[in-house]
Amino acid sequence: KAGVTQTPRYLIKTRGQQVTLSCSPISGHRSVSWYQQTPGQGLQFLFEYFSETQRNKGNFPGRFSGRQFSNSRSEMNVSTLELGDSALYLCASSLAQGANEQFFGPGTRLTVL
Amino acid sequence: GQQVMQIPQYQHVQEGEDFTTYCNSSTTLSNIQWYKQRPGGHPVFLIQLVKSGEVKKQKRLTFQFGEAKKNSSLHITATQTTDVGTYFCAGNSGNTGKLIFGQGTTLQVKP
């Protein structure tokens, strides 16, 4: 089976812009979670989608949003970018909803200038 | 809120030495997972522990889950250069569905 794929792999944006990241889970996986990884804060949970519905949410501002499509693919959107949003954004898929074994994608490296 | 602390933050060892990283949660965990992230890579699932006092082994790696289900450890025997990377524990408290990751322990192995 192909692994989790994320596009784009690298992105450079300026403050105030918005960005959309895409994630394709492993075939058959219906849960997609998003994480933000930074050197200072580590790996932080953003949200989880299962069957096109957000099931869990971390402690991030409303500028961070997401959605999931009927084929389980997911997108994450960050609006009004801030310098502090520079991070590696990791998508992880899982067979079932909840804190199960996560299969991570390679990530999208976002740099905000 | 739930916090998962991991120590040490960094560990440098000589190849062949043992290595241990410890994980402590502020709340009782339903389960704990361990992941390894190689430099420049993404986290890869290693194992999940569910039962109080559970011990699992994978070759040179030994994982333990504390009796109170609030702490866990990963021990590597006779490290090799292929063990280099950052090891994360991740806990789920109260079946919230959210995985809370520790800060990770970065292991460097000198050949």
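Residues numbered from 1 in each chain as written. Chains lettered and ligands numbered in written order. Predicted model: local features only at pLDDT ≥ 70, side-chain atom pairs only at ≥ 80, totals over all residues. Heavy atoms only, no water.

Caption draft 1: Structural context of the sheet that holds strand E6 (residues 55-58) of chain B. Residues and elements named next belong to chain B. With antiparallel pairing, the five strands of this open sheet are ordered in space as E1-E3-E8-E7-E6. The open sheet is flanked by strand E1 (4-7) and E6, the only strands paired with a single partner. Averaged over neighbouring strand pairs, the angle between their axes works out to 15 degrees when direction is ignored. As defined by bridge partners, E6 adjoins strand E7 (residues 61-65) across four bridges and the pair is classed as antiparallel. What sits directly across from Lys-56, in E7, is Phe-63. (Pairing = 2+ DSSP bridges. Helix = DSSP H or I, 4+ residues; strand = E, 2+ residues; numbered from the N terminus. Axes fitted to C-alpha atoms, helices over the stretch in contact; angles between N-to-C directions.)

Caption draft 2: Broad picture of the interface of chain A and chain B. The partner chain B presents 16 residues to the 20 residues of chain A that form the contact. Its largest share of buried area at the contact with chain B, chain A owes to Leu-43, Ala-99 and Phe-104 of chain A, together 37% of the area lost on that side. Seen at the junction of chain A and chain B, the total is zero salt bridges. It is strand E5 (residues 42-50) of chain A that provides the largest number of residues to the side of chain A that touches chain B, a total of four residues. Of the residues assigned to the side of chain A that touches chain B, the class counts are eight nonpolar, nine polar and three charged. (Contact = heavy atoms within 4.5 Å. Buried area = accessible area lost by both parts, 1.4 Å probe. Salt bridge = Lys/Arg side-chain N within 4 Å of Asp/Glu carboxyl O. Nonpolar A, V, L, I, M, F, W, Y, C, P; charged D, E, K, R; others polar.)

Caption draft 3: Representation of the pairing of strand E6 (residues 53-57) of chain A. All names here are of chain A. Strand direction decides the pairing type here: E5 and E6, joined by four bridges, are antiparallel. By the bridge assignment for E6, Tyr-49 is matched with Gln-54. Linking E5 back to E6 in an antiparallel pair, the connection comprises two residues, with Ser-51 at a positive phi of about 50 degrees.

Caption draft 4: View of the side chain of Asn-31 of chain B. Considering the arrangement of structural elements, one finds Asn-31 of chain B in strand E4 (residues 31-37). Exposure remark for Asn-31 of chain B: the relative accessible area of 9% places this residue in the buried category. With residues up to four places along the chain from it excluded, the contact list for Asn-31 of chain B reads Ala-99 of chain A together with Gln-48, Leu-49, Val-50, Phe-65, Ala-90, Gly-91 and Asn-92 of chain B. (Buried < 20%, exposed > 50% of the residue type's maximum accessible area, 1.4 Å probe, protein only.)

Caption draft 5: Representation of the sheet that holds strand E3 (residues 19-24) of chain A within the structure. Residue and element names in this part refer to chain A. Spatial ordering of the open sheet is given by E1-E3-E8-E7, a layout of four strands whose pairing is antiparallel. For this open sheet the edge positions go to strand E1 (5-7) and strand E7 (64-68), each flanked by a neighbour on one side alone. Direction aside, neighbouring strands of the sheet carry axes that sit 20 degrees apart on average. Bridge count for E7 against strand E8 (residues 74-78) is five bridges, and the pairing is antiparallel.

Caption draft 6: Focus on the nonpolar core. Formed by 21 residues in total, the largest nonpolar core has its most connected members in Trp-34, Leu-46, Phe-64, Met-76 and Tyr-89 of chain A. Contributions of two or more residues to this core are made by E3, strand E4 (31-38), E5, E8, strand E9 (87-94) and strand E11 (108-112) of chain A. Discounting residues that sit within four places of it in the chain, Leu-46 of chain A has contacts with Trp-34, Tyr-35, Gln-36, Lys-57, Gly-58, Phe-60, Phe-64, Met-76 and Tyr-89 of chain A. Formed by 20 residues, the second largest nonpolar core is a distinct cluster that contains Cys-23, Phe-65, Tyr-87 and Val-109 of chain B. (Core = buried A, V, L, I, M, F, W, Y, C linked by side-chain atoms within 4.5 Å.)

Caption draft 7: Looking closely at the environment of Glu-54 of chain B. Residue and element names in this part refer to chain B. As for its position among the elements, Glu-54 is in the loop between strand E5 (44-49) and E6. Judged by its relative accessible area of 16%, Glu-54 is buried. C-alpha separation for the pair Glu-54 and Gln-80, spaced 26 residues apart in sequence, amounts to 25 Å. Only 2.9 Å separates the side chain of Glu-54 from the backbone nitrogen of Lys-51, close enough to count as a polar contact. (Polar contact = N/O pair within 3.5 Å; in protein donor to acceptor, adjacent residues only side chain to side chain.)

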